[in-house]
Structures are given as structure tokens and as C-alpha cells.
Amino acid sequence: PVGAVSAATAEEEEEDEEEAAAAAGDGSVPRLRAERRRLQGALLALASHFAQVQFRLRQVARAAPAEQRRLLRELEEFAFRACPAPRAPSEQEKQEQIEVQKEKQRELILQLKTQLDDLETFAYQEGSYDSLPQSVVMERQRMIINELIKKLDMDLSEDVATLSPEELRQRVDAAIAQIVNPARVKEQLVEQLKTQIRDLEMFINFIQDEVGSSGKTEDGHCECAGRKDGSGSQKANTRPSGNRVNPEDARRMRETGLHLMRRMLAVLQIFAVSQFGCATGQIPRTLWQKDQANKDYSPLIKKLELSVEHVRQLAMKHQQEDHVISSSDLQDIPLGGRDELTLAVRKELTIALRDLMAHGLYASSQGMSLVLAPIACLIPAFTSSPQTMHPWELFVKYYNTKNGQAFVESPARKLSQSFALPVTGGVAITPKQSLLTAIHTVLTEHDPFKRSADSELKALVCMALNEQRLVSWVNLICKSGALVQSHYQPWSYMANTGFESALNVLSRLSNLKFNLPVDLAVRQLKNIKDAF
């Protein structure tokens, strides 16, 4: 009853205050509201105090006679005690109430989002919703954004929510510029280099044309086409003789142009190495196919060991029987009855050695102009993988790089061959000299008849066994760093091991004497040529 009376009284007082404030119209509404709140608090405290008095009276009425005196004394003290004033909540309590309210709001928002995602997923699975659920789309977008941030190397240590859209756009533009601008600069540099190279080529062509024209005019004759006018003068279509280039001046211009071109190529080479990290003849590692990088060469070594052992057994058998086939004896043997040892060397040992040397061997691109060599790494490759190369071509390249033709065809060696005199003056012939001579001999005998690279390699192996220099000759190729670096892949047997184990296997034949035919592939052709 007290609570009902107090609530009704509060409502009536509130209505009276609002009517009084509306009638006054003097802007005292906030003050009246504050007074109303204080009155409500006082009324609530009074009602609470009266309710406690009622409760204590009921306890006194129901208590035993011995307890009633004590309860009446306590009731008297409580009744004359002043009502407690209403206490306003502190700032900490207000803050705690706000945090609790926010936490409830967050839980409610999360619950609503979960229900919305479940509803979208159910609708998408049922087919009534065409597009993907929003949660799936946002997850994929987040993954794309994270990958872009990693690729662009963006610094987002700050909270993205604190940045404005314009600041985010500026950061993205700066990150993209760090990747795109260097590529553009490199493209511009490449175009400038190509332009300068074309200018150099045009200048060299101009010098060559001038030298050619000066050579034609050295004899004093000039073909002129003209006509005579009325006074008897002749007008020529050619340039006047004063514009002719002196041969000495043309030679000097050509030497100057070549000197400038060499300097320009050297500068381009240094620039390409320093700026782009590449050099001439360098092939990117990514050019090799992935399946080739794991190629196993152990079967090739096993094949070489078996062939060497077979040749070794046959050679020892022939030595025990004191039967060695010479080149003159082999002319009388028909093609079907060739010596077993010769066949083993040419068809087993040479093939096994060829396969092992061909592991990871490739031919560098020859379609590249020498002028474009300094920037070869910047020009895209036109093939997915480099071309293979025959091991015999490696011997020929060694012969060319060591200037083997000039060495063999020197006058002193020509005389020594003609009169069978030693040219070394008592000094032993080095393996390099003997290898150059052997390669020259094979080329001289086989190239006129267009024999294959296999035939020439077989001839060279036979010569090496006859001279007991197979290991030393192959070792010269293995120790040629320029050839190995430019023609062998990084995962090849040659680049990885230096051909050491194979040389140890071949050394088993070094103490055996052979007399194998060298010109077996061209002997019949030579005989036919001699017959005609």
C-alpha cells in the first residue's frame, strides 16, 4: 500500500510540475526535473523506512513475551532514526554500468551476425540465394588483401581504422610505385642501350661502305652518267672528286669506330653486370625444367664401369695371346668380322663415355648478336629449354679456344711431319699438345666425308687408348673452367663432381697397350676416293 501510494503521489507531483513548468515558460525545466529526482529519491527512502517499521511491528507481535521488550526498544530506536538520504552513483559505478551495457551490445551484435550468416548459408545451400554468403566473400577478400600486403611490402603497423581512405590510397600507390618504377627504369635503360647499339652498327656499316667506295676509286676510274650542254660542259650525276675518301682516312675512321665500339661494349658489359646482375652467356637457373634438376647419373657411371671392365678383359686376353690387330691387318678383315676389342671400344666404351659427358651438357644460344651480348639477360628467351650438345663438340670448342689449328699448322710442325723429325727439341710432348694434334687429325680425316659426331668421338677415343692418354685428355676438358661453366648445367655430373670418379674408372685402361684403328669410319670412303 505504501509503494502504491508513493508511486501515485509521484505521478501526480510529476504532472503538476510539468503543468507548472509549461505555464511558467521561464526555462526552468532542468531545475524542476532535478528537484523531481530528489523528491523521488526522498519518497523512496521514506517508503523504505516505513516498510521496515511495519516489518519490525510484525516481528514484535509474533515474538515471545520475553523478546517483545527488546524488540520494542530496537523499534523505538529505529523509528526515531532519520531516513537515509538517497546516494548518487559514483563515476566508477557509472563506468562499470556503461561497460556492462557495451558488452551486452557486443554480444547481441555477434549473436545477430551469427544468425544472419547461418541464414545466408542455409539459403545458399537450398538454392534460394544466388550469391555466396557474406562471410565467405569477406574471408576471400581478406585473404587477397593479406597476400597483396605481403607482395607489396606495405607497412600497416598502425590500425587501419584510424587511417582515412585518402591515406590508405596514398600508401597503396607508394607500395605499387616501389615495384613498378624500377621495372620501368630498366625498360627505358634497355631501350636506350638498344638505340645506342643500333647507332653503332649503322656507324660501322657507314665506315665499311666508305672503305668499299674508296677502294673502287683508287684506280682513278669513275663511272659517270651525264650529258653535255650547249657550251660543251658535262654534268655528272656522281659526287665531285673532292668528296672522295682517302684510303688512309677511311682506315683511320674504321679503327676509330672499332675502338669506340669496343669501349662502348665494355661500358655496356660493366653496366649490365652492376645494374642487372647478369653477364654474357649467362642463362637464368629458372630456364631449366624442374624434372631435369633431379636427373640421376649413377646408371651412367655403372654403364661406364661395365664397359671399361669389358674392354679391359678383352685387352688383357689379346695381350696374353700376343694378338694385337693393327690398322693394316684390319683392311683385310670384312665388315662383319671386325675385331671384338675394337667393337667393344667403339660401341660400348665410347658410347658410355659420351652419355656420361653429355649429362647436363647444353649448347649456348648462337642466335644472339655479339653487340647484344652485354644485355643478353634482359632479352627474353625464345625456347623453354636450351639445346643439347654432343661431347665431341666440346672437344672441338676446346680445340678452337686453344687456337689448335694455328698450333698444328705452324711451319715447324709441317716440316716435322714431312721429314719425321721431332719438333720439341728433346722436350716431352704435353697432353695439351697431343690432344690438339689428335683433334686436328680426326677433323682432317672425317670432316671431308661428313661423318657424324659419334664417329669422330670414337676415332678420338681410339687414338687416346693407342697413346695411353685417355685420362689426361678427358681431364683437360674437365679442368677447362670456361667450357664447364658455360656449357654444363649446375646439376650435371661434370659440374658437381669434376668427373673424378669417371677418371678413376678410365684409369684402369692406362697401363694397357692398344693398337686400334682410328679411321674405321672413313676407310672405305677413302678407298673409294682413291679408286676414282
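Residues numbered from 1 in each chain as written. Predicted model: local features only at pLDDT ≥ 70, side-chain atom pairs only at ≥ 80, totals over all residues. Heavy atoms only, no water.

- For the protein chain, an unreviewed UniProt entry supplies the name RUN domain-containing protein 1 and the organism Phaetusa simplex.
- Looking at the Function (unreviewed entry) heading of the UniProt record, one finds this comment for the protein chain: "May play a role as p53/TP53 inhibitor and thus may have oncogenic activity." (UniProt positions renumbered as here; feature names shortened; annotations may be inferred.)

### Notes on the overall build of the protein chain
- Helix and strand content of the protein chain: 20 helices and four strands.
- Sorting the 532 residues of the protein chain into buried and exposed places 27% on the buried side.
- In the protein chain, the proportion of contacts linking residues at least 24 apart, taken out of those at least 6 apart, comes to 75%.
- Total accessible area on the protein chain is roughly 35,700 Å²; 54% of this is exposed by carbon and sulfur atoms. (Helix = DSSP H or I, 4+ residues; strand = E, 2+ residues; numbered from the N terminus. Buried < 20%, exposed > 50% of the residue type's maximum accessible area, 1.4 Å probe, protein only. Contact = heavy atoms within 4.5 Å. Areas by Shrake-Rupley, 256 points an atom, 1.4 Å probe, with all protein chains shown as cover.)

### Re empty space enclosed by the protein
- Across all of its chains, the model carries four cavities of 30 Å³ or more by this definition.
- Space inside the second largest cavity adds up to approximately 40 Å³.
- In terms of lining, the second largest cavity is formed by L353, F395, L457, L460, V461, A464, L470, W473 and V474.
- Looking at the lining of the second largest cavity, the elements that each hand over two or more residues are α15 (453–466) and α16 (470–478).
- Examining the composition of the lining of the second largest cavity, we find that four residues originate from one element, α15, more than from any other.
- Considered class by class, the residues forming the lining of the second largest cavity number nine nonpolar, no polar and no charged. (1 Å grid on protein atoms, 1.4 Å probe; cavity = no way out; pocket = protein on both sides within 12 Å on 5 of 7 lines; lining within 4 Å. Points joined across faces, edges and corners; volume = space filled by probe spheres on them. Nonpolar A, V, L, I, M, F, W, Y, C, P; charged D, E, K, R; others polar.)

### Things to note about the pattern of salt bridges
- Taken as a whole, this structure holds 13 salt bridges when the rule is applied.
- E467 is paired through a salt bridge with R469; the nearest N and O atoms lie 4.0 Å apart.
- For R469, a relative accessible area of 22% puts it in the partly exposed group.
- Ionic contacts of the salt-bridge type, sharing partners, join the residues K303, R354, D355 and D454 into one network. (Salt bridge = Lys/Arg side-chain N within 4 Å of Asp/Glu carboxyl O.)

### Quick notes on the nonpolar core
- Of all hydrophobic cores here, the largest spans 57 residues; its most connected members are L304, L349 and F499.
- Setting aside residues no more than four positions away along its own chain, L304 makes contact with L349, A352, L353, L356, A502, V505 and L506. (Core = buried A, V, L, I, M, F, W, Y, C linked by side-chain atoms within 4.5 Å.)

### Comments concerning the environment of A82
- Examined against the element boundaries, A82 turns out to sit in the loop between α3 (65–79) and α4 (91–126).
- For A82, a relative accessible area of 65% puts it in the exposed group.
- In the structure, A82 is positioned 36 residues away from L46 in sequence and 9.5 Å away in space, judged by C-alpha atoms.

### Some words on a nonpolar patch on the surface
- On the surface, F203, F206, M253 and L260 cluster together to form a nonpolar patch covering roughly 330 Å² of accessible area.
- Broken down by secondary-structure element, the contributors of at least two residues to the nonpolar patch are α6 (165–216) and α7 (247–276).
- Among the secondary structure elements, F206 is positioned in helix α6.
- When its relative accessible area of 40% is taken as the criterion, F206 is described as partly exposed. (Patch = residues over 30% accessible without salt bridge, like charges linked within 9 Å, V, L, I, M, F, W, Y side chains within 5 Å.)

### Things to note about helix α2 (residues 29–62)
- Helix length check: α2, at 34 residues, gives a terminal C-alpha distance of 49 Å against a target of 50 Å (1.5 Å per residue), a fit within 8%.
- All of the buried residues in α2 are L32, R36, G41, A45, A47, H49, V53 and V60. (Expected span 1.5 Å × (residues − 1).)

### Remarks on unusual backbone geometry
- Within the chain, K450 stands out as a residue other than glycine whose phi angle is a positive 55°.
- Structurally, K450 is set in the loop between α14 (431–446) and α15.
- Unlike most non-glycine residues, Q468 shows phi in positive territory, near 55°.
- Within the fold, Q468 resides in the loop between α15 and α16.
- By relative accessible area, Q468 is classed as partly exposed at 38%.

### Some words on α15
- Look at α15: 20 Å from first C-alpha to last across 14 residues, which is about the 20 Å you get at 1.5 Å a residue.
- Counting buried residues in α15 gives eleven out of 14 residues, a clear majority hidden from the surface.
- Those residues of α15 hidden inside the fold are in contact with α10 (340–357), α11 (391–401), α14 and α16.
- Among the residues trailing α15, Q468 stands out with phi positive, at a value near 55°.

### Observations regarding the packing of α11 against α16
- Running from N to C, α11 and α16 cross one another at 75°; their axes reach a closest spacing of 10 Å. In terms of axis orientation, α11 runs roughly perpendicular to α16. Where α11 approaches α16, its residues L394, F395 and Y398 are matched on the opposing element by W473, L476 and I477.
- Across the contact of α11 with α16, the residue classes tally to six nonpolar, no polar and no charged. (Axes fitted to C-alpha atoms, helices over the stretch in contact; angles between N-to-C directions. Parallel < 35°, antiparallel > 145°, perpendicular 65-115°, else oblique.)

### Some words on the packing of aromatic side chains
- Throughout the structure, instances matching the rule amount to three aromatic pairs.
- Here the aromatic rings of Y297 and Y493 are separated by 4.8 Å at their centres, their planes lie at 55°, and the arrangement is tilted. Note that Y297 is positioned in the loop between α7 and α8 (298–320) and Y493 in helix α18 (residues 493–497), a separation of 196 residues in sequence.
- Ring centres 5.4 Å apart and planes at 65° place the aromatic pair Y493 and F499 in the edge-to-face group. You'll find Y493 and F499 in the same group, each marked buried.
- By the ring-pair criterion, three or more aromatic residues cluster together here, those being Y297, Y493 and F499.
- If you follow R56 out to its NZ or CZ, it ends over the ring of F78, 4.6 Å from the centre. (Phe/Tyr/Trp six-rings, centres within 6.5 Å; stacked < 30°, edge-to-face > 60°. Lys NZ or Arg CZ within 6 Å of the ring centre and 35° of its normal.)

### Quick look at the confidence of the model for the protein chain
- Taken over all residues, the pLDDT of the protein chain has a mean of 75, while the share at 70 or more is 67%.
- Of the regions scoring below 50 in pLDDT, residues 279–294 engages in 24 contacts with residues more than four places distant in sequence or in other chains.
- Across residues 380–384, confidence stays below pLDDT 50; counting only partners more than four residues off in sequence or on other chains, it has four contacts. (pLDDT = per-residue confidence, 0-100.)

### Examining the side chain of Q489
- Of note, Q489 is situated in the loop between α17 (481–487) and α18.
- In terms of polar contacts, Q489 uses its side chain to reach the side chain of W491, at 2.9 Å. (Polar contact = N/O pair within 3.5 Å; in protein donor to acceptor, adjacent residues only side chain to side chain.)

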